Each structure stands twice: as C-alpha cells, then as structure tokens.
Amino acid sequence: MPKVLGVRIAGTGSATPPRVLDNQWFVSKLDTTDEWIRERTGILERRAVVEGESTATLSIEAANNALANAKMSPKDIDAIIVATITPECQFPATASFVQDAIGARTVASFDIAAACSGFIYAFVTAAHMLQAGTFRNIMVIGAETLTRITDYEDRTSCILFGDGAGAVILSPSEGNASSGSAMLNFHLHSDGSGSTMLWVPAGGSRLPASNMTVNERLHFMKMQGREVYKFAVKKMLEMVEETLGEAGLRSEDIAMVVPHQSNKRIIESAREKLGLPESKMYTNIERYGNTSSASIPLGLDDIRRSGRVKNGDYILMAAFGAGLTWASALIRL
Ligand SMILES: CC(C)(COP(=O)(O)OP(=O)(O)OC[C@H]1O[C@@H](n2cnc3c(N)ncnc32)[C@H](O)[C@@H]1OP(=O)(O)O)[C@@H](O)C(=O)NCCC(=O)NCCS
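Now for a look at the structure at hand. These numbers come from a predicted model, not from an experiment. (Residues numbered from 1 in each chain as written. Predicted model: local features only at pLDDT ≥ 70, side-chain atom pairs only at ≥ 80, totals over all residues. Heavy atoms only, no water.)

## Observations regarding the sheet that holds strand 6 (residues 138-145)
Okay, so step 1: Strand order across the open sheet formed by 5 strands is 1-7-6-4-5, with mixed pairing between neighbours. Looking along the sheet, the strands with just one partner apiece sit at the ends: strand 1 (7-15) and strand 5 (108-112). Between one strand and the next, the sheet's axes are offset by a mean angle of 20°, whatever the strand orientation.
Okay, so step 2: The pairing of strand 6 with strand 7 (residues 163-172) spans 8 bridges and is antiparallel. (Pairing = 2+ DSSP bridges. Helix = DSSP H or I, 4+ residues; strand = E, 2+ residues; numbered from the N terminus. Axes fitted to C-alpha atoms, helices over the stretch in contact; angles between N-to-C directions.)

Here is the structure:
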C-alpha cells in the first residue's frame, strides 16, 4: 500500500565549494586517463573543500539559501536534520553547528547516517514529524565532504567522490492521494550483511585512530566497486518500479526522476530499462561526481530553480549506498 503524507517543499538551497578537481588533476597524480574516468563513470569534474570549509560550512550556506528561497526566517524552523557520513566531527551533530550559525531557535537538531540514502531517510523522517502536527517547518540537509575520507592513492575509488550540500525546507500541506503537494509513497531499506562493502574501517569505536590506522590508511573509504555496482543497478530499478507501481503510476507520469549520482552508467541503465527520455532522468554527476547524501537535494534545488519542474509535477527520488541501504520517495510538488 502506498503511504501518503501531506507535505510540501517550501524552499530549497545548495552549496558547493569553489575548488574544482577535473579529471586532468587525477591524470597528473595517478595511473589513469580522462577517457577511462569519463567512460566508466560519466564524471568530468567534482568540487573539493579547502581549509576553512567543512560539512557544517556547506550545510549552513545551503540552509541560508533555502531560507531565502522559502522567504522564511530562521525563527520559522522547528527542527534541523542533517544527513551525512562525513560529519563536522564525531560529536556533536553537524546539525548543532547549523542551528547556531543560521540563528535558529533552540529547536531539535540531529544527524542521520544512512550514507548515500541519507537524504531520503531524513526527508521521510521529517515528513512523519510534520504529519504528527507537532512541527511546522523542518530543515532537511544532505551534506558531505567526501574528499576528506577519500584515499587519493586508490585509483578505483578516488575519482568518484566530491563535496557539496543541499537543503530542503519541508512544511505540512493539505495534499492527499489525489491532489495537492504530498509525499505519495516511500521505501526505506537496509541490509547490514553488506556493511563492509563500502566503509571507513578506522576512527570509530571498533578501531580507534592510531598510528597503525593512519599508516595502513584505514581512516579512508574502502569500496568493493564491482559488487556495489551490481547491487546499485539491481536496487535502482526494483525501487523505482515498486514505488511507482504501488502508487498506481507509470514511469511516463513522472516529470523527473532524481536518482543518487554514483555512476552515470548505473543511472543510464535504469533510464533505459524504464523507457524514460534523457530529459526526465536528472544528472549532476558530470559536474559534481558522487556527493553521497548531497546529490539528491542538490538535484532538487537545481530542477526547481531552473524551472524544469512545476507545482503538481511528480518527482521520484531513489538512492542506494553504504549500509547497505536503499531508499525512495515519490512526491507531488
Ligand atoms: C568504481 C567503478 C567505476 C570501477 O569500474 P569497473 O568497470 O567496475 O572497473 P573494475 O574495478 O572492474 O576495473 C577494471 C579495470 O580498470 C582498472 N582501473 C580501476 N580504476 C582505474 C582508473 N581510475 N583508471 C584506469 N584504470 C582503472 C582496474 O585496475 C581494472 O584493470 P584490470 O582489468 O587490468 O584488472 C565501478 O565499479 C563503480 O562505479 N562501482 C560503483 C561504485 C559506487 O557507486 N560507489 C558508491 C555507491 S553509493
């Protein structure tokens, strides 16, 4: 059964650091080529933070842009949720830094870690908080500085990742299954048996940081690329079909699919199987690489601001990532 919640997107914003890492930057450091990277991933460039920039600074910029877009004051925000796997520090939550910096009241502020599915997990959580009627406007942010945990000696993984943040202000609406702004269906999934397929082994309670972990580069991301690829292709298609089917929609009813941006080939494979035209499958991977939980909110902000979608349009978000996790949310704007 589809799960309908009356919520609407009141505003969106994004932030990406100015520093660009193009494919040539990798060619100058590693045994790789621009052609290999383009063909295998679709990525042309990504953004990277420099000293002084962090997951919190990107989150704060995105949040302020979302407030301006929604024409709201920070005082209107009743909760802040940041989805991230590259938090400002181990604790407190990145959301605490955001709450202080944007000048919000002393509202609920917390992080969610569900890797690349994190933004959808946070969005669905916020929608439920709104549905209960105790919160009005919730700031939902997906923010990452993956370049901080990327191993630039591992040519298979380092070419993929970039930094960025996207923010969405979610508010209640009168929408229901047949009309108005609403979330019409969602799925949140996980399978922890694949938890070491994509992870950072050291720096947590299992293997605290030490000289050994630094020497063995265990505080960097480790990825079984081919296995993750197979999982992603399968889950992406399954999720889209399941989420749309239950809501009684077909792929042609959708104005835009905003998928997590991990590899252009994964996105293309889903697009072809669904029979969607290129114009209805959003991508920003060419410019930003894989920004994990930031990729979908960056996309939402882009399609709203560029006028590629309008009120009443159906948008399907779908993501997969470490955990393993996978998640989808179908909304009517
Ligand atoms: C990482 C990824 C792009 C690698 O592409 P692939 O087609 O699977 O490539 P493989 O790992 O099988 O490697 C193929 C060859 O390219 C080589 N190679 C790997 N990285 C390379 C690079 N940057 N440049 C040149 N060659 C490279 C490999 O060494 C291998 O060489 P070999 O055949 O001589 O052994 C792909 O597996 C992928 O995108 N996986 C999913 C990753 C992902 O989405 N992670 C985040 C999830 S949210």
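## Structural notes on unusual backbone geometry
Okay, so step 1: Between Phe91 and Pro92 the backbone carries a cis peptide bond, its omega angle lying at 0°.
Okay, so step 2: Turning to its location among the elements, Pro92 is positioned in the loop between strand 4 (79-83) and helix 4 (94-102).
Okay, so step 3: Going from Gly323 to Leu324, the amide bond is cis rather than trans, its omega being -10°.
Okay, so step 4: Counting through the fold element by element, Leu324 comes out in the loop between strand 12 (314-321) and strand 13 (325-332).
Okay, so step 5: Of note in this structure, Lys71 is not a glycine but carries a positive phi near 55°.
Okay, so step 6: Among the residues examined, Lys71 registers a relative accessible area of 77% and is labelled exposed.
Okay, so step 7: One non-glycine residue with positive phi stands out, namely Arg217, at about 60°.
Okay, so step 8: Structurally, Arg217 can be placed in the loop between helix 7 (211-215) and strand 10 (222-223).
Okay, so step 9: For Arg217, a relative accessible area of 24% translates into the label partly exposed. (Buried < 20%, exposed > 50% of the residue type's maximum accessible area, 1.4 Å probe, protein only.)

## What to know about the site of the ligand
Okay, so step 1: Inspection of the region around the ligand gives 21 residues, with Thr32, Arg40, Arg155, Arg226 and Asn263 positioned closest.
Okay, so step 2: Here a nitrogen atom of the ligand and a side-chain polar atom of Trp36 are 3.4 Å apart.
Okay, so step 3: In the environment of the ligand, an oxygen atom lies 2.7 Å from a nitrogen or oxygen atom belonging to the side chain of Asn263.
Okay, so step 4: Burial of the ligand by the surrounding chains reaches 77%, relative to a free accessible area of 950 Å².
Okay, so step 5: Among the elements that make up the shell around the ligand, the one with the highest residue count is helix 8 (residues 225-246) (4 residues).
Okay, so step 6: For the shell around the ligand, the residue count by class is 7 nonpolar, 9 polar and 5 charged. (Near = heavy atom within 4 Å. Polar contact = N/O pair within 3.5 Å; in protein donor to acceptor, adjacent residues only side chain to side chain. Areas by Shrake-Rupley, 256 points an atom, 1.4 Å probe, with all protein chains shown as cover. Nonpolar A, V, L, I, M, F, W, Y, C, P; charged D, E, K, R; others polar.)

## Here's the deal with the packing of aromatic side chains
Okay, so step 1: One pass over the full model with this rule turns up 5 aromatic pairs.
Okay, so step 2: Here Phe26 and Tyr152 contribute two aromatic rings whose centre-to-centre distance is 6.2 Å and whose plane-to-plane angle is 35°, an arrangement assigned as tilted. Separated by 126 residues along the polypeptide, Phe26 in helix 1 (residues 23-27) and Tyr152 in the loop between strand 6 and helix 6 (155-158) bring together distant segments of the chain.
Okay, so step 3: For Phe26, a relative accessible area of 0% puts it in the buried group.
Okay, so step 4: On the basis of an interplanar angle of 75° and a centroid distance of 5.6 Å, the ring pair of Phe231 and Trp326 is categorised as edge-to-face. Residue Phe231 is found in helix 8, and its partner Trp326 is found in strand 13; the two are separated by 95 residues along the sequence. Trp326 shares its class with Phe231; the two are buried.
Okay, so step 5: Here the aromatic residues Trp25, Phe26 and Tyr152 are joined through ring pairs into a cluster of three or more.
Okay, so step 6: In this arrangement the basic side chain of Lys3 is found over the ring face of Phe186, its NZ or CZ atom lying 4.7 Å from the centre. (Phe/Tyr/Trp six-rings, centres within 6.5 Å; stacked < 30°, edge-to-face > 60°. Lys NZ or Arg CZ within 6 Å of the ring centre and 35° of its normal.)

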